[in-house]
Amino acid sequence: MFETILIPTDGSEHAESAAETAIELATIHDATVHVVCVADTGPLGELRLPGDAASAEDAMRGQAQEYVDTIVERAEAADLEVTGAVLEGPPEHELLEYADDVGVDLIVMATRGRGGVQRMAMGSVTDHIVRFGDIPVFVANSGTESD
């Protein structure tokens, strides 16, 4: 039924839980998995930081790559065909564009991500994907009550 599943992540516990659900679904359907994290650098991109990262943008990209690598490893351990990518820009737009470009037929994402305290019932990115995307979305509730 599903051939290509997109797993967006922001490294949050909610996203990690949704990724587990997505990997289970992909295993059942023998689907290809795409793991994506969007580094929403915005106006911070030019900010210089001490240490190894030359800029806030570099630091955000590096953190995003770590989030992607973690889930890619899990999908590979489940013997799934998997691709990982780090994108830049507004997450809701980048995710929908990526899903369109690769022909995703299911997006599995969390009810909310890192901004849980500021969000009500559903995270703003998830809400946007559900409302404005034309691809089915499986919204996984992590089951945790603390945000």
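Provided above is the structure to which this section pertains.
Being a predicted model, the structure only gives us computed values, none of them experimental.

Undergrad: Residue-level account of the pattern of salt bridges, with values.
TA: Within this structure, the stated rule accounts for five salt bridges. Two residues, arginine 74 and glutamate 16, come together in a salt bridge whose shortest N-O distance is 2.6 Å. Remark: glutamate 16 occurs in helix H1 (residues 13-29) and arginine 74 occurs in helix H2 (residues 56-77); sequence separation between them is 58 residues. We classify glutamate 16 as buried; its relative accessible area is 16%.

Undergrad: Residue-level account of the side chain of histidine 128, with values.
TA: Counting through the fold element by element, histidine 128 comes out in helix H4 (residues 124-132). Apart from the residues within four sequence positions on either side, histidine 128 is in contact with Glu92, His93, Leu96 and Gly133.

Undergrad: I'd love a proper account of the sheet that holds strand S3 (residues 82-88), names of residues and values included.
TA: Across the sheet, which stays open at both edges, the five strands sit in the order S3-S2-S1-S4-S5 with parallel pairing between neighbours. Strand pairing shows two members of the sheet lacking a second neighbour, S3 and strand S5 (137-140), which therefore form its edges. Put simply, the sheet's adjacent strands are angled 20° from each other on average, direction ignored. Docked against the sheet, H1 engages strand S1 (4-8), strand S2 (32-39), strand S4 (106-110) and S5, running at close to 150° with respect to S4. Set on the sheet, helix H3 (residues 91-102) makes contact with S1, S2, S3 and S4; between it and S2 the angle comes to about 155°.

Undergrad: Lay out the environment of methionine 60 with the relevant residues and their values.
TA: Within the element layout of this structure, methionine 60 appears in helix H2. Residues methionine 60 and glutamate 88, 28 residues apart in the sequence, show an inter-C-alpha distance of 9.6 Å.

Undergrad: So what's going on with the nonpolar core? Which residues, and what values?
TA: As a rule of thumb, nonpolar side chains are buried together in soluble globular proteins. Residues Ile5, Ile7, Val33 and Val35 are the most contacted members of the largest nonpolar core, which totals 23 residues. Contributions of two or more residues to this core are made by S1, H1, S2, H2 and S4. With six residues, the single largest contributor to this core is H2. Beyond its immediate stretch of four places on either side in the chain, isoleucine 7 contacts Ala19, Ala22, Ile23, Val33, His34, Val35, Val36, Ile71 and Val108. Of all hydrophobic cores here, the second largest spans 14 residues; its members include Leu6, Ala85, Ala99 and Met109.

Undergrad: So, unusual backbone geometry: which residues are in play, and what are the values?
TA: Positive phi values are uncommon outside glycine, yet aspartate 30 reaches one of about 50°. Within the fold, aspartate 30 resides in the loop between H1 and S2. Classification of aspartate 30 as exposed rests on a relative accessible area of 66%.

So, how was this worked out
- Residues numbered from 1 in each chain as written.
- Predicted model: local features only at pLDDT ≥ 70, side-chain atom pairs only at ≥ 80, totals over all residues.
- Heavy atoms only, no water.
- Salt bridge = Lys/Arg side-chain N within 4 Å of Asp/Glu carboxyl O.
- Helix = DSSP H or I, 4+ residues; strand = E, 2+ residues; numbered from the N terminus.
- Buried < 20%, exposed > 50% of the residue type's maximum accessible area, 1.4 Å probe, protein only.
- Contact = heavy atoms within 4.5 Å.
- Pairing = 2+ DSSP bridges.
- Axes fitted to C-alpha atoms, helices over the stretch in contact; angles between N-to-C directions.
- Core = buried A, V, L, I, M, F, W, Y, C linked by side-chain atoms within 4.5 Å.

So, to be careful, I would describe these as geometric facts and stop short of saying anything about function.
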